[in-house]
Amino acid sequence: MKQALLTIAALAALTVPALPAHAAPKDPVKALKATIVPGHGVRYTGSVTWKDGTDERGARDLKGAFQFGKKGVAAFDITRKDGDEEQRVIGIGKTGYYSGGVIGGLLPEGKTWYKEKNRGMPDSWSQFVNPAETKTLARLLKNGTTRGDTVSGSITIKELKAVSTWVSAARIGNEHDSVKISYTLTLSSAGLVNRVTSTYALTEDGTIYTTTVDTRYTGWGSKVSIKAPAPSTVTTKIR
């Protein structure tokens, strides 16, 4: 009888299907670090919408790229389009180049670029959340909750200033430190960020304006080459 029970148990073990193995979730920070190679980077496109409680509309289209150096983002090239008006910003190391928009009308004749200190994120309608920065990504993961391939949470501008060169270099007054940015990251199967949606509210003249920036990232680790404008087109003077 005992031998029969053992035989039945052995047969049962052979016939029970094995449970599928679940792959361990990818570490987004490690995945990002693996793409940080000089001369490589990531490209993105995006859109901005805003509402004031009564009106909602598309306000801007974004197109850009980040180029990596040995330690992280070394340069960026961003084009912002508002209707028929186009502005472009190139940041290389500690130097920034600005073209179009208001500044375009203030440049000396024959000059199309204004050169000054690299200010990082061009303005509040750019994407506050920069998933190409390892410290920023780590903080977003820490603050957020992961469900499947999405990470959702919130972070203040003050917190971003502490970890993000993109934000700390921008001209953002301390009076905005408490502004909270809600975000959702969407991760690829490789653990890389392929979409960031962020929303924040600012009050101006008693009206609350809520802005949502939606950016999509492609080609992590692909070759990216960002160069300064031709010296003959650059000036450090404004009329």
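Once a new chain begins, its residue numbering starts again from 1 and follows that chain's sequence as written. Only residues with pLDDT of 70 or above have their local features reported here, since the model is predicted, and side-chain atom pairs are shown and tallied only from 80 upward, although totals for entire chains, interfaces and linings are computed over all residues. Values shown for side chains rest on all heavy atoms present in the structure; no hydrogens or waters enter the calculation.

**Considerations on the overall build of the protein chain**
And step 1. Across its full length, the protein chain holds six helices and 12 strands.
And step 2. Exposure categories follow from relative accessible area, calculated using a 1.4 Å probe and restricted to protein chains: below 20% of the type maximum is buried, above 50% is exposed, and the middle band is partly exposed. Across the 239 residues in the protein chain, those meeting the buried criterion constitute 38%.
And step 3. In the protein chain, of all internal contacts separated by at least 6 residues, the share reaching a separation of at least 24 is 57%. Helix and strand labels come from DSSP, where a helix needs a run of H or I of at least four residues and a strand needs a run of E of at least two; each type is numbered from the N terminus. By definition, residues are in contact when any of their heavy atoms lie within 4.5 Å.

**Description of the environment of Glu-116**
And step 1. Note on placement: Glu-116 falls in strand β6 (residues 113–117).
And step 2. Apart from the residues within four sequence positions on either side, Glu-116 is in contact with Lys-94, Thr-95, Gly-96, Tyr-98 and Arg-171.

**Observations concerning the packing of aromatic side chains**
And step 1. Pairing of aromatic rings covers Phe, Tyr and Trp, the last counted by its six-membered ring, and requires centre-to-centre distances within 6.5 Å; plane angles under 30 degrees mean stacked, over 60 mean edge-to-face, and any other angle means tilted. By the definition in use, this model includes eight aromatic pairs.
And step 2. With a centroid separation of 5.4 Å and 80° between ring planes, the pair formed by Phe-66 and Trp-166 is classed as edge-to-face. Here Phe-66, found in strand β2 (residues 56–68), pairs with Trp-166, found in helix α6 (residues 165–168); they are 100 residues apart in sequence, far enough to count as distant. Like Trp-166, Phe-66 is buried.
And step 3. A centroid spacing of 5.2 Å and a plane angle of 90° characterise the contact between Phe-76 and Trp-166, whose relative ring orientation is edge-to-face. Placement of Phe-76 in strand β3 (residues 73–82) and of Trp-166 in helix α6 is noted, with a sequence separation of 90 residues between them. No difference in accessibility class separates Phe-76 from Trp-166, as the two residues are buried.
And step 4. Taken together, Tyr-44, Phe-66, Phe-76, Trp-166, Tyr-217 and Trp-220 form an aromatic cluster joined through their ring pairs.

**Some details on helix α4 (residues 134–143)**
And step 1. Listing the buried residues of α4 in full gives Thr-136, Leu-137 and Leu-140. Relative to the axis of α4, the buried residues are bounded by an arc of 95° and lie together on one face. Of the exposed residues in α4, the ones pointing more than 90 degrees away from its buried face are Lys-135 and Lys-142.
And step 2. Looking at the buried positions of α4, the neighbouring elements they touch are α2 (28–35), β8 (150–156), α5 (157–163), β9 (180–187) and β10 (193–204). Throughout, the arc means the angular range of directions from the helix axis out to the C-beta atoms.

**Side note on α2**
And step 1. Of all the positions in α2, only Pro-28, Val-29, Ala-31, Leu-32 and Thr-35 are classed as buried. One side of α2 carries all its buried residues, which in axial view fall inside an arc of 160°. Among the exposed residues of α2, those oriented more than 90 degrees off its buried face are Lys-30, Lys-33 and Ala-34.
And step 2. Buried residues along α2 sit in contact with β1 (40–51), β2, α4, β9 and β11 (207–223).
And step 3. Sitting at the amino-terminal end of α2 is Asp-27, which places a side-chain oxygen 2.9 Å from the backbone nitrogen of Val-29. Under the rule applied, a polar contact is a pair of N or O atoms within 3.5 Å (in protein, one hydrogen donor and one hydrogen acceptor; residues adjacent in sequence only if both atoms are side-chain atoms).

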